[in-house]
Amino acid sequence: MATPFDINPEIADHGVAPPKEIPDLAGHPLDPLSPAELEEIVRMLAQQGRLGEGVRIGSINLTEPAKSVVEKHTPGSPFERKALAILVDCSGRASYEVQVDLVSHAVTEVTQLPGGIQPSIMLDEFSECEEAVRQSPLFQEALHKRGVTSADLVMVEPWSAGLYGTELPEDEGVRRMRALCFVRSEPKDNGYARPIDSMVIVVDLYKMEVIRIEEYPIAPLPPESGNWAREYIPNMRQDLRPVDIVQPEGPSFTVSGNEVQWQKWKFRVGFTSREGLVLHTVSYDDDGMERPILYRASICEMVVPYGDPREQYYRKNAFDIGEYGLGMLANSLALGCDCLGVIYYFDFPLVDSRGKVTPLKNAVCLHEEDFGILWKHTDWRTGQSEVRRSRRLSVSFIATVGNYEYGFYWYFYQDGSIQCEIKLTGIMNTTALAPGEKPVYGMEVAPQLSAPFHQHIFAARLVPSVDGKNNSVYEVNSVSMPTSASNPHGNAFVAEETLLGTEREAQRRVNSATARFWRVVNPSKKNRLGRPVGYRLVPGENCPPLVQPDATIMRRAGFTSSHVWVTPYDPKERFAAGEYPNQHPTGDGLPCWTQANRRVDHTEVSLWYVFAHNHVPRPEDWPVMPVAMLGFQFRPDGFFDRSPAMDVPPPPSKTCCH
Ligand SMILES: [Cu+2]
């Protein structure tokens, strides 16, 4: 059948023979789909008539095999390859989940999504939406009213529309975006310096046309530009001398396919269009024994609620993972700029909504870093001094989401610790102020330019496998003891451990007053001191959501109400806000699943950690915000019998005075 897709005609027209042997036996069941596999899926979908006129491909990702399949896999043996394609039929106003089996070359299941459910917004919908707005006579007219003469210099920034119960009847059942506008003074000018505050353009993505333009009181454009491109920066500092990271013998890691080995760590690098980087089967070689720690780890959802209640702004609450997809927005990283040193890059293919498969070069960066001291002691009596340099392995990717950049970094350390760090940078979203006006719900960052208060809230999904599949999670609070006969000087405090036995008990928040952390243990495996072996989830910067508990956004962002959730492991419960947060009518994900209040002790669990950067903007965050960082650590806690870092050798004598 005829399709509007950019498919190799040879692939589209011919029979069932795959372009290449699937699976590639040199591969692994958890490998992301290869370009050949993606092309084969597009070919199969087209051949089966699933890609008719008006159908767009939302995403295609590997359906990860069951844990048991992964555990039993031996190199070179055949394995299953299944995928999930999400299709949006813009003509039929319906969306579908299509399950594909790559080994048998069959579409095995097609499920129509319930009405109103909208898959994520596709990358090419952004540019098509901007173009549709530009072409609209309504838009031209609205610009004219505001004295903007060149539509070409207007940045049309589409935002996910969400669902707030305030939609007009004409919006019902429509796949929508709401576009905000900014004006450039020339093509490379920073448009965020000049927000056109007074209009929101509502776009029907099914028809790719403007539904209406909502108009608000016209505010003057701020007077100053806020440029950041190098040609606008005349006086760069001159006193920087080169820093070269040199590893003359090469790095200390090895990469085989998507498997990485470094020091005693072993793990697999995965990638999805939604989460971007995923870590699989993280283990540590403890004196010749490969001990599992995490089966899977990713940042699975995020939401950025803005605190400006005005009519044109209360819907600014982007779910950058569930509504846009960070893998789709990942940067192709540049050596010497994004990453410094001896770098190994992973490429991963992406498929656009028209079925075109493109490799994303340098999507994930892997390298080693010197990280200060690992441990040190000097015996002042004998003069003996020992110090060890800390080396960490960094695995990272960076996504650009409209105005903002997010860098996602996972670090592995020689003391058995893992750290997740998110770096926030890019340009703040802005609103305009009248002369003399001071913002209530934001901070003036340049004359007549306000950056609204907002939060960046992330959800990590960790599937722990601490020395085996069955784990329990304890909360540890340090509590001071009342002065008593046994504590006559009032100095006593203890670390109290509480088992989180059910999903309801496991909905927790951080508490700096008790130095709270969580301990994931394997109850059936004891260390030599008789305690269950464990890993400690150590929170970093965090705060609760600042919207009201009954705010309309909390229907979809309910996962932000707790910082920690523990659920029984279910491979289908993947994303904290559910599979389809975009325009979801009632909300899904953690708040829904945990209503069952299932038991979560001594079983296979998923541990969800939700953490927030509360952004009260500063003038120093303008025009491009220097990196802000937040994250968490996963550190051994009774997993090893003593420090696992003692065998790290001292630095070579020629570089170290000791
Ligand atoms: Cu921010």
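Just so it is clear, the structure is predicted and the values come from calculations on it, not from any experiment.

Moving on, we come to unusual backbone geometry. Cis geometry is found at the peptide bond from W622 to P623, where omega equals 0°. One can find P623 in the loop between β29 (605-615) and β30 (625-636). Non-glycine residue N362 carries a positive phi angle of around 55°. Among the secondary structure elements, N362 is positioned in strand β16 (residues 357-378). Not every positive phi belongs to a glycine, and D467 is a case in point at roughly 55°. Looking at where D467 falls in the secondary structure, it is placed in the loop between β23 (454-464) and β24 (472-480).

The subject of this paragraph is the pairing of strand β13 (residues 289-305). Of all 17 residues in β13, 14 are buried; the element is thus mostly enclosed. Here seven bridges tie strand β12 (residues 276-286) to β13, and the two strands are oriented antiparallel to one another. Across the sheet, residue D286 finds its bridge partner in β13, namely M289. What sits between the antiparallel neighbours β12 and β13 is a turn of two residues, in which D287 has the positive phi angle 55°. Across eight bridges, the pairing between β13 and β23 is antiparallel. Of the residues in β23, the one forming a bridge with I299 is A460. Here β13 runs beside strand β14 (residues 317-318); their pairing, made up of two bridges, is antiparallel. Residue P305 lies in a different strand from β14, and its bridge partner there is N317.

Our focus in this paragraph is the side chain of Q419. Along the chain, Q419 falls in strand β19 (residues 418-426). Using a relative accessible area of 16% as the deciding quantity, one classes Q419 as buried. Here Y413 takes part through its side chain, which lies 2.4 Å from a polar atom of the side chain of Q419. Sequence-distant contacts of Q419, defined by excluding residues within four places in its chain, comprise R392, Y409, W410, Y411, Y413, F632 and Q633.

Taken together, Y404 (OH), H454 (NE2), H456 (NE2) and H615 (ND1) make up the full set of protein donors to the copper ion, lying 2.0 to 2.1 Å away. One can describe the donor arrangement at the copper ion as irregular, given that its four donor atoms subtend angles of 95 to 141° at the metal. Ordering the donors of the copper ion by residue number gives the pattern Y-x49-H-x1-H-x158-H. With Y404 in strand β18 (residues 404-412) and H454 in strand β23, this residue pair connects regions lying 50 residues apart in the sequence. The two residues Y404 and H454 agree in class, both being buried.

This part takes up the packing of aromatic side chains. Inspection of every chain in the model, using the stated rule, returns 30 aromatic pairs. Ring plane angle 80° and centroid distance 6.0 Å describe the contact between F271 and F397, whose orientation is recorded as edge-to-face. On the criterion of sequence distance, the pair formed by F271 in strand β11 (residues 265-272) and F397 in strand β17 (residues 385-401) is long-range, its members being 126 residues apart. Under the relative-accessibility criterion, F397 is labelled buried at 1%. Taking the ring centre of Y569 as reference, the NZ or CZ of K67 above it sits at 4.0 Å.

Our focus in this paragraph is helix α4 (residues 123-135). Relative to the 18 Å expected for 13 residues at 1.5 Å per residue, α4 spans 19 Å between its end C-alpha atoms, a close match to the ideal helical length. Every buried residue belonging to α4 is among D124, E125, F126, C129, A132, V133 and R134, and all of these are buried.

Reading across from one edge, β20-β22-β21 is the order of the three strands in this open sheet, with antiparallel pairing throughout. Looking along the sheet, the strands with just one partner apiece sit at the ends: β20 (431-432) and β21 (442-446). By the bridge criterion, two bridges tie β20 to strand β22 (residues 449-452) in an arrangement that is antiparallel. Looking at β22, one finds that A432 is bridged to L449.

What follows covers the pairing of strand β15 (residues 344-351). By the criterion of burial, β15 is predominantly enclosed, with six of the eight residues buried. Bridge count for β15 against β16 is seven bridges, and the pairing is antiparallel. Each bridged residue has a counterpart across the sheet, and for V351 the counterpart in β16 is V357.

Another aspect to go through is the sheet that holds strand β4 (residues 106-112). Pairing within the open sheet is antiparallel, and its four strands lie in the order β1-β2-β3-β4. The sheet is open, and its two edges are formed by β1 (55-63) and β4, each paired on a single side. For this sheet the average axis-to-axis angle between neighbouring strands, irrespective of direction, equals 20°. Direction of pairing for strand β3 (residues 94-101) relative to β4: antiparallel, over a ladder of six bridges. Within β4, the residue paired with E97 across the bridge is T111. Those strands touched by helix α2 (residues 35-47) are β1, β2 (82-89), β3 and β4, and its axis lies near 120° from that of β3.

Quick notes on the rules
Residues numbered from 1 in each chain as written. Predicted model: local features only at pLDDT ≥ 70, side-chain atom pairs only at ≥ 80, totals over all residues. Heavy atoms only, no water. Helix = DSSP H or I, 4+ residues; strand = E, 2+ residues; numbered from the N terminus. Buried < 20%, exposed > 50% of the residue type's maximum accessible area, 1.4 Å probe, protein only. Pairing = 2+ DSSP bridges. Polar contact = N/O pair within 3.5 Å; in protein donor to acceptor, adjacent residues only side chain to side chain. Contact = heavy atoms within 4.5 Å. Donors = N, O, S within 2.8 Å, 3.2 Å for Na, K, Ca; no water. Tetrahedral: all angles 85-135°; square planar, octahedral: opposite > 155°, others 65-115°. Phe/Tyr/Trp six-rings, centres within 6.5 Å; stacked < 30°, edge-to-face > 60°. Lys NZ or Arg CZ within 6 Å of the ring centre and 35° of its normal. Expected span 1.5 Å × (residues − 1). Axes fitted to C-alpha atoms, helices over the stretch in contact; angles between N-to-C directions.

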